[in-house]
Amino acid sequence: MTTAQDDIPRGLTLCALGYLCFSMQDATVKWLVATYSVPEILLFRSFVVVAIACIIGRRQGLALLKPRNPSAILARASLMLMAWFSYYSAARSLGLAELTTIYFAAPVITVALSVFVLREHVNAGRWAAVLVGFAGVLTAAAPHGDISGLKPALAAFFAAICWGMSSILIRVISRSDSTASQIALTNGFFAVTCALALPWMWRTPDLAALAMMLGLGVASGFGQFLLYEGFRYAPASVAAPMEYTGLIWAFIYEYLIWNDVPHANVFGGALLIVGASLTLVWSERQRKRGFRGAAVSSPDAAPQ
């Protein structure tokens, strides 16, 4: 289902910028998770994100913390929390390529679920964009080796399923609750849950690690805001393939931080990903123009 708010080009742009922030977040967490526990990292991140959400939604007052669809928000928060723990637990055992390849099954899951849950019409162009983008991910990740270990591989795939389902819920919740409210409540849930685990996992961070954890929250907060707004303006099946652009940023960050030069396969995969995303944007614009043209030429559209 679509709404009167649909503005697909705007939604895709917001989603692309959101995934840029999330790639920055992933690079930071990949650095921190070697020393600190996932609950501790997520706790600091959540505090900052909640603060950002409160600033963005300050005009709502206490209504910010009073959801209209609490069951959907709780379900999405639980899915995202499971995705977080599964993904970054798997990151300790899997290489970046294996982890990314498995996790990027999420857009395919989102498109499939959008048909049954949101009743969205997924045309051939949208399916093609998803499949070509996923082919690009496989091409880019291929040179980095085989998956080692079934357990972490299943954990990464479980994270992809959780994220795909949570992306669907963004579209559902956006019909009743503001973006700031979703972010504040979801990350408040994260903070409370992680705080309960800290007595067994706490390690006092040094100043550098603390700065990175707080910076992680800033990147995540803006990334969530942009992504939520993107899904507000674009159907889930259209916005989902934009997640593939995150792979491009991941390799850029990896080069800038760890001085790792991608293989030729990576550039080939990146071209497929960018091509799929740009083709999707172009086809949606053409389809929208076609609808407008049909409306203008229709006798029913003429002034009475």
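- The protein chain appears in an unreviewed UniProt entry as DMT family transporter from Acetobacter sacchari.
- The UniProt entry for the protein chain carries this comment under Sequence similarities (unreviewed entry): "Belongs to the drug/metabolite transporter (DMT) superfamily. 10 TMS drug/metabolite exporter (DME) (TC 2.A.7.3) family."
- Quoted straight from UniProt, the Subcellular location (unreviewed entry) entry for the protein chain says "Membrane".

### What about the overall build of the protein chain?
Point 1. Within the protein chain, the secondary structure is distributed over 12 helices and 0 strands.
Point 2. The secondary structure elements of the protein chain, listed N-terminal to C-terminal, are α-α-α-α-α-α-α-α-α-α-α-α.
Point 3. Across the 304 residues in the protein chain, those meeting the buried criterion constitute 49%.
Point 4. Surface accessibility of the protein chain: about 14200 Å² in total, with carbon and sulfur atoms responsible for 69%.

### A closer look at the packing of aromatic side chains
Point 1. For the structure on display, the rule yields 5 aromatic pairs.
Point 2. Geometrically, the ring pair formed by Phe22 and Trp163 is edge-to-face, given 6.4 Å between the ring centres and 80 degrees between the ring planes. Placement of Phe22 in helix H1 (residues 8-32) and of Trp163 in helix H7 (residues 150-173) is noted, with a sequence separation of 141 residues between them.
Point 3. Judged by relative accessible area, which is 9%, Trp163 ranks as buried.
Point 4. Summarising the aromatic geometry, the rings of Trp84 and Tyr88 are spaced 4.6 Å apart at their centres and angled 40 degrees between planes, so their arrangement reads as tilted. Here Trp84 and its partner Tyr88 are both found in helix H3 (residues 70-90), 4 residues apart, which amounts to about one turn of the helix. With respect to class, Trp84 is no different from Tyr88; both count as buried.

### Brief notes about the layout of surface pockets
Leftover empty space is mapped by rolling, across the atoms, a probe with the size of a water molecule.
Point 1. In this structure, the largest pocket encloses a volume near 570 Å³.
Point 2. In terms of lining, the largest pocket is formed by 30 residues, of which the most central are Phe22, Gln25, Asp26, Tyr87 and Tyr88.
Point 3. Of all elements in the fold, only H1, H3, helix H4 (96-103), helix H9 (207-233) and helix H11 (245-258) reach the threshold of two or more residues within the lining of the largest pocket.
Point 4. A total of 7 residues in the lining of the largest pocket trace back to one element, the largest contributor, which is H1.
Point 5. Residue classes in the lining of the largest pocket are distributed as 19 nonpolar, 5 polar and 6 charged.

Basis of the calculations
- Residues numbered from 1 in each chain as written.
- Predicted model: local features only at pLDDT ≥ 70, side-chain atom pairs only at ≥ 80, totals over all residues.
- Heavy atoms only, no water.
- UniProt positions renumbered as here; feature names shortened; annotations may be inferred.
- Helix = DSSP H or I, 4+ residues; strand = E, 2+ residues; numbered from the N terminus.
- Buried < 20%, exposed > 50% of the residue type's maximum accessible area, 1.4 Å probe, protein only.
- Areas by Shrake-Rupley, 256 points an atom, 1.4 Å probe, with all protein chains shown as cover.
- Phe/Tyr/Trp six-rings, centres within 6.5 Å; stacked < 30°, edge-to-face > 60°.
- 1 Å grid on protein atoms, 1.4 Å probe; cavity = no way out; pocket = protein on both sides within 12 Å on 5 of 7 lines; lining within 4 Å.
- Points joined across faces, edges and corners; volume = space filled by probe spheres on them.
- Nonpolar A, V, L, I, M, F, W, Y, C, P; charged D, E, K, R; others polar.

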